[in-house]
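# Understanding the architecture of this molecule
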Amino acid sequence: MNVTQIVLHDFRNILEETVSFTPGVNILYGKNAQGKTNVLEGIYCFALGKSFRGNRDRELIRFGCGQSRLELSFRDINREQKMELSLFEEKSREMKRNGVPIRKRSEFVGTFHAVLFCPEHLSMIQGPPGQRRQFLDSAICQLKPSYLAALSLYGNVLKQRNALLRDEDRTEEERLPLLEVLTQQMAEYNTRIVITRSRYLRLLEQAVSSFLSEMTSDRERLSLTYCSDAQIELEDHPEQMKDSYFRKCMSYAKREMAAGISLHGCHRDDIGILLNGKEAKLFGSQGQDRSIALAMKLGEGEISRAAMGEYPVFLFDDVLSELDRDRQRYLLQKLEERQVILTSCNRELFEGMHAPMIRVEEGTYEREEQG
Ligand SMILES: Nc1ncnc2c1ncn2[C@@H]1O[C@H](COP(=O)(O)OP(=O)(O)OP(=O)(O)O)[C@@H](O)[C@H]1O
Ligand SMILES: [Mg+2]
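## Section: the overall build of the protein
Assigned secondary structure in the protein consists of 11 helices and 15 strands. C-alpha atoms of the protein, sized along the principal axes, occupy 75 × 55 × 35 Å. Expressed as a percentage of the 371 residues in the protein, the buried residues total 53%. Here the protein has roughly 17600 Å² of accessible surface; of this, 46% comes from carbon and sulfur atoms. Positive and negative charge centroids in the protein, built from 52 and 56 side chains respectively, lie 2 Å apart.

Okay, structure coming up:
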């Protein structure tokens, strides 16, 4: 898959720009706060259906403007495609694929595929569980839009359930029947999400292990497990898994009412990462953690290719300078023959490389003539 161009109107610090890309490596370089990440953010909006910086739509609109528009042209195995995303200050967003309006985010994702790698991901191993769940969610929702729908339904029920747990105007006995209804619904979506994540993780483990053994000349063994309150071993029996989760949740109902919050479910799950049998979070060195994070991103690309029949677009935000020379070299060599759009403050890093260089300055993008 290749992005051919993105048009950005009043997006972040960009007035109106068209940025074109070639297959292979493309480099956006410039000083800090000029708009390098903004372009990757714009492109990745089409993969995720929202910003990866977790902001509300309106924060993406250029200061003082009422609306913002993005238009992405890309080529996949079969054809050229065009997607559009318009964000408004005063009303909800509009989405289109090849001119056809789309209502839901879960229908918008799944057409354009990208892997994003940014400096925060380098600390994914040590970071909080939410960061690892986000990794899974961003990767899976592109392959399985129904997963995004399940996540959103789960999020809605969770919100209602938490409100009920906190509702002190009603006695515990009064709240229990409604709590059962909400927990049933939550169990349904939780089961779908947990099974999907756990299956994805098994594919990822294979891919990541093989990258890691290449990177470290086979010195390190990796295992990835899905850590959850749900009984993962019942994966092939979703109805049983759902029932057991429901019963478990209800057995904690009193404690949850006292705490005023849902304590169990996929919003609290995590990925367990073992390196040579030891928990990487506790025992990994910074270098090992970076290698795992890098291998996880490359692995995400492999799974996407296996599912979609072609590599996604790789978006690398300022990560190259964070890696040592061996890992830089390894990464660039692995990404040959794929489209990579990367940003850097450091033009010298790419001296001698045959790749288009795009100079970024105050929200403008100028392609250098190649000598
Ligand atoms: N909604 C907005 N409207 C206008 N400008 C914005 C908006 N949001 C962010 N900006 C501006 O965008 C700029 C940051 O852009 P970006 O994050 O792309 O920088 P960058 O080139 O990646 O920098 P760095 O090298 O530090 O990562 C800042 O100048 C910021 O003030
Ligand atoms: Mg940046």
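Here the narrative resumes, following the displayed structure.
## Regarding the pattern of salt bridges
Counted under the stated rule, the structure contains 29 salt bridges. For Arg 69, the salt bridge goes to Glu 71, with nearest N and O atoms at 3.2 Å. Arg 347 is the partner of Glu 351 in a salt bridge, and the nearest nitrogen-oxygen pair spans 3.2 Å. Using a relative accessible area of 53% as the deciding quantity, one classes Glu 351 as exposed. Overall, Arg 347 belongs to the partly exposed group, its relative accessible area being 22%.

## Things to note about helix α6 (residues 172–215)
For α6, spanning 44 residues, the distance from its first C-alpha to its last is only 56 Å, which falls clearly below the expected 64 Å at 1.5 Å a residue. The largest bend in α6 comes to about 30 degrees, at Leu 178. Of the residues trailing α6, Ser 217 is marked for its positive phi of about 50 degrees.

## Observations regarding the domain arrangement of the protein
By a widespread convention, an interface's size corresponds to the accessible area lost as its parts come together. The domain architecture assigned to the protein consists of domain 1 (1–113 + 312–371) and domain 2 (121–308). Taking the mean C-alpha position of each, domain 1 and domain 2 sit 28 Å from one another. Between domain 1 and domain 2, the residue contacts involve 20 residues of the former and 22 residues of the latter. For the domain 1 and domain 2 pair, buried surface summed over both sides reaches about 1900 Å², with 63% attributable to carbon and sulfur atoms. Among the residues domain 1 hides against domain 2, the three largest losses belong to His 113, Arg 327 and Tyr 330. Together they make up 31% of the total. Put simply, domain 1 and domain 2 have 3 salt bridges between them. A salt bridge links Glu 214 to Lys 334, with the nearest nitrogen and oxygen atoms 3.1 Å apart. At the boundary of domain 1 and domain 2, one finds 6 residue pairs in polar contact (both at pLDDT 80 or more). With 4 residues, helix α11 (residues 325–334) is the largest single contributor of residues to the side of domain 1 that touches domain 2.

## Description of the side chain of Arg 327
One can find Arg 327 in helix α11. Not counting the four nearest positions on each side in its chain, Arg 327 is found in contact with Gly 287, Gln 288, Ser 291 and Leu 294.

## Comments concerning the site of ligand 1
Near ligand 1 there are 16 residues, and of these Ala 33, Lys 36, Thr 37, Asn 38 and Ile 61 occur at the shortest range. For ligand 1, a nitrogen atom lies 2.9 Å from a polar atom in the backbone of Phe 63. In isolation ligand 1 has 660 Å² of accessible area, and contact with the protein removes 75% of it. Among the elements that take part in the shell around ligand 1, helix α1 (residues 36–48) stands out by supplying 3 residues, more than any other. Taken together, the residues of the shell around ligand 1 sort by class into 4 nonpolar, 6 polar and 6 charged.

Cut-offs used in this document
Residues numbered from 1 in each chain as written. Chains lettered and ligands numbered in written order. Predicted model: local features only at pLDDT ≥ 70, side-chain atom pairs only at ≥ 80, totals over all residues. Heavy atoms only, no water. Helix = DSSP H or I, 4+ residues; strand = E, 2+ residues; numbered from the N terminus. Buried < 20%, exposed > 50% of the residue type's maximum accessible area, 1.4 Å probe, protein only. Areas by Shrake-Rupley, 256 points an atom, 1.4 Å probe, with all protein chains shown as cover. Lys, Arg positive; Asp, Glu negative; His and termini not counted. Charge placed at Lys NZ, Arg CZ, Asp CG, Glu CD. Salt bridge = Lys/Arg side-chain N within 4 Å of Asp/Glu carboxyl O. Expected span 1.5 Å × (residues − 1). Bend = angle between axes of the 7 residues up to and from the residue. Domains from an automatic or database assignment. Contact = heavy atoms within 4.5 Å. Buried area = accessible area lost by both parts, 1.4 Å probe. Polar contact = N/O pair within 3.5 Å; in protein donor to acceptor, adjacent residues only side chain to side chain. Near = heavy atom within 4 Å. Nonpolar A, V, L, I, M, F, W, Y, C, P; charged D, E, K, R; others polar.

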